[in-house]
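# Secondary and tertiary structure notes
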Amino acid sequence: MPRTALTREEVLRAAADLVRQHGPDALTMRKLAAELGTAVTSIYWHVGNRESLLDALVERTVQEMGAIAPRGRTPVDRVVSVARALRRELRARPHLIALVHERGLTDRMFLPAQQALVHEVHAAGLRGARAAQAVRAVQFQVVGFLLVERNRERAPVQSPGVGDLWSPTTAEHDPALARALARPPDPEKLFTASVRALASALLGSGEPREENGN
């Protein structure tokens, strides 16, 4: 029998799960009602039509992305933690992020993470244009890394593979380098190392400095 008790949040959560797993095209009011064990009319009552539902999902996603909080002792540590959390959240919901982008809310979605980064670059003593450059550099690093990751994941099997391409000769007679490059990269470690190097360069030591640079 159809359910009689249903909340708007349950509807949005189930809809988000459908989009996350199968993409926006898989989200129909009939399929959503079946997933929830209720009548289609109940779905309409809680969220309106499909366009209203998609708008609500976008708003929900924007709010979820705003929950990123810095962690760590120093500004560099905390910038790295924001970048890692942002990458993790973006990877977890690619279809929902695409919906946000299609509705022109990408900049708004990134604003909370940018504000967290602003706080940390201020704590490291950066102001004005230098602070803005640091915030944008970290954001672009996250998004660029994520795009490369997704392209690699979608790429066909390579022949010859990376293990066949690297040898001491192609690595300028550095056997350890050749062995390392012949192994598949660890995306999490590579991302963390690259963001830490970027943040350290942008912020210096990552310790608070006087605003006049002394």
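Refer to the preceding data block for the structure.
In this report, we go over the structure that sits alongside the text.

Conventions used here
- Residues numbered from 1 in each chain as written.
- Predicted model: local features only at pLDDT ≥ 70, side-chain atom pairs only at ≥ 80, totals over all residues.
- Heavy atoms only, no water.
- Core = buried A, V, L, I, M, F, W, Y, C linked by side-chain atoms within 4.5 Å.
- Buried < 20%, exposed > 50% of the residue type's maximum accessible area, 1.4 Å probe, protein only.
- Helix = DSSP H or I, 4+ residues; strand = E, 2+ residues; numbered from the N terminus.
- Contact = heavy atoms within 4.5 Å.
- Phe/Tyr/Trp six-rings, centres within 6.5 Å; stacked < 30°, edge-to-face > 60°.
- Salt bridge = Lys/Arg side-chain N within 4 Å of Asp/Glu carboxyl O.
- Patch = residues over 30% accessible without salt bridge, like charges linked within 9 Å, V, L, I, M, F, W, Y side chains within 5 Å.
- Areas by Shrake-Rupley, 256 points an atom, 1.4 Å probe, with all protein chains shown as cover.
- Polar contact = N/O pair within 3.5 Å; in protein donor to acceptor, adjacent residues only side chain to side chain.
- 1 Å grid on protein atoms, 1.4 Å probe; cavity = no way out; pocket = protein on both sides within 12 Å on 5 of 7 lines; lining within 4 Å.
- Points joined across faces, edges and corners; volume = space filled by probe spheres on them.
- Nonpolar A, V, L, I, M, F, W, Y, C, P; charged D, E, K, R; others polar.
- Axes fitted to C-alpha atoms, helices over the stretch in contact; angles between N-to-C directions.
- Parallel < 35°, antiparallel > 145°, perpendicular 65-115°, else oblique.

This part takes up the nonpolar core. In terms of nonpolar packing, the biggest core is built from 54 residues, with Leu 27, Leu 32, Ile 43, Leu 53, Leu 57 and Leu 90 touching the most fellow members. The leading source of residues in this core is helix α5 (residues 75–92), at eight residues. Apart from residues no more than four positions distant in its own chain, Ile 43 is found in contact with Leu 6, Val 11, Met 29, Leu 32, Ala 33, Leu 36, Thr 38 and Gly 48.

Take the packing of aromatic side chains next. The description of an aromatic ring pair uses the distance of the two centres, along with the angle that the planes make with each other. With the rule as written, the count across this model stands at one aromatic pair. When the centroid spacing of 5.0 Å and the interplanar angle of 65° are considered together, the rings of Phe 145 and Phe 191 count as edge-to-face. Here Phe 191 lies in helix α11 (residues 187–203) and Phe 145 lies in helix α8 (residues 128–154), a separation of 46 residues in the sequence. For Phe 145, a relative accessible area of 14% gives the class buried. The class of Phe 191 is buried, set by a relative accessible area of 0%.

The next point concerns the pattern of salt bridges. Under the definition given, this model contains 16 salt bridges. Among the salt bridges present, the one from Arg 196 reaches Asp 77, with a minimum N-O distance of 3.0 Å. Residue Arg 196 is located in helix α11, and its partner Asp 77 is located in helix α5; the two are separated by 119 residues in the primary sequence. Assessed through its relative accessible area of 34%, Arg 196 is described here as partly exposed. The network of salt bridges with shared partners includes Glu 9, Arg 13, Arg 60, Glu 64, Glu 89 and Arg 93.

For the rest of this paragraph, the subject is a nonpolar patch on the surface. Together, Val 162, Leu 165, Trp 166, Leu 177 and Leu 181 give the surface a local cluster of nonpolar side chains, amounting to about 390 Å² of exposed area. For the nonpolar patch, the elements supplying multiple residues, two or more each, are α9 (162–165) and α10 (175–182). Assignment of secondary structure puts Leu 181 in helix α10.

Right, let's get into the side chain of Arg 60. If you trace the backbone, Arg 60 turns up in helix α4 (residues 50–65). Arg 60 gets classed as buried once you look at its relative accessible area, which sits at 15%. Engagement of the side chain of Arg 60 in a polar contact is seen with the side chain of Glu 9, the distance being 2.8 Å. Aside from chain neighbours lying at most four places away, what touches Arg 60 is Glu 9, Leu 12, Arg 13 and Ala 16.

What follows is about the layout of surface pockets. Over the atoms, a rolled probe matching the size of one water molecule traces out where space is still vacant. Counted as a void, the largest pocket has a volume near 610 Å³. Broken down by secondary-structure element, the contributors of at least two residues to the lining of the largest pocket are α8, α9, α10 and α11. The dominant element in the lining of the largest pocket, judged by the number of residues it contributes, is α8, at five residues. In terms of residue class, the lining of the largest pocket is made up of 14 nonpolar, two polar and five charged. Surrounding the second largest pocket, Leu 90, Pro 94, Ile 97, Ala 98, His 101, Thr 106, Met 109, Phe 110, Val 143, Leu 146, Leu 147 and Arg 150 form its lining. For the lining of the second largest pocket, the elements supplying multiple residues, two or more each, are α6 (94–102), α7 (106–123) and α8. The residue makeup of the lining of the second largest pocket, split by class, is nine nonpolar, two polar and one charged.

When two helices pack together, their arrangement is given by the angle between the helix axes and the distance between those axes. As a packed pair, helix α1 (residues 8–22) and helix α3 (residues 40–47) sit with axes 9 Å apart at the nearest point and diverge in direction by 105°. Of the possible angle classes, the one that applies to α1 and α3 is roughly perpendicular. Here Arg 8, Val 11 and Leu 12 of α1 lie close against α3, whose contacting residues are Ile 43, His 46 and Val 47.

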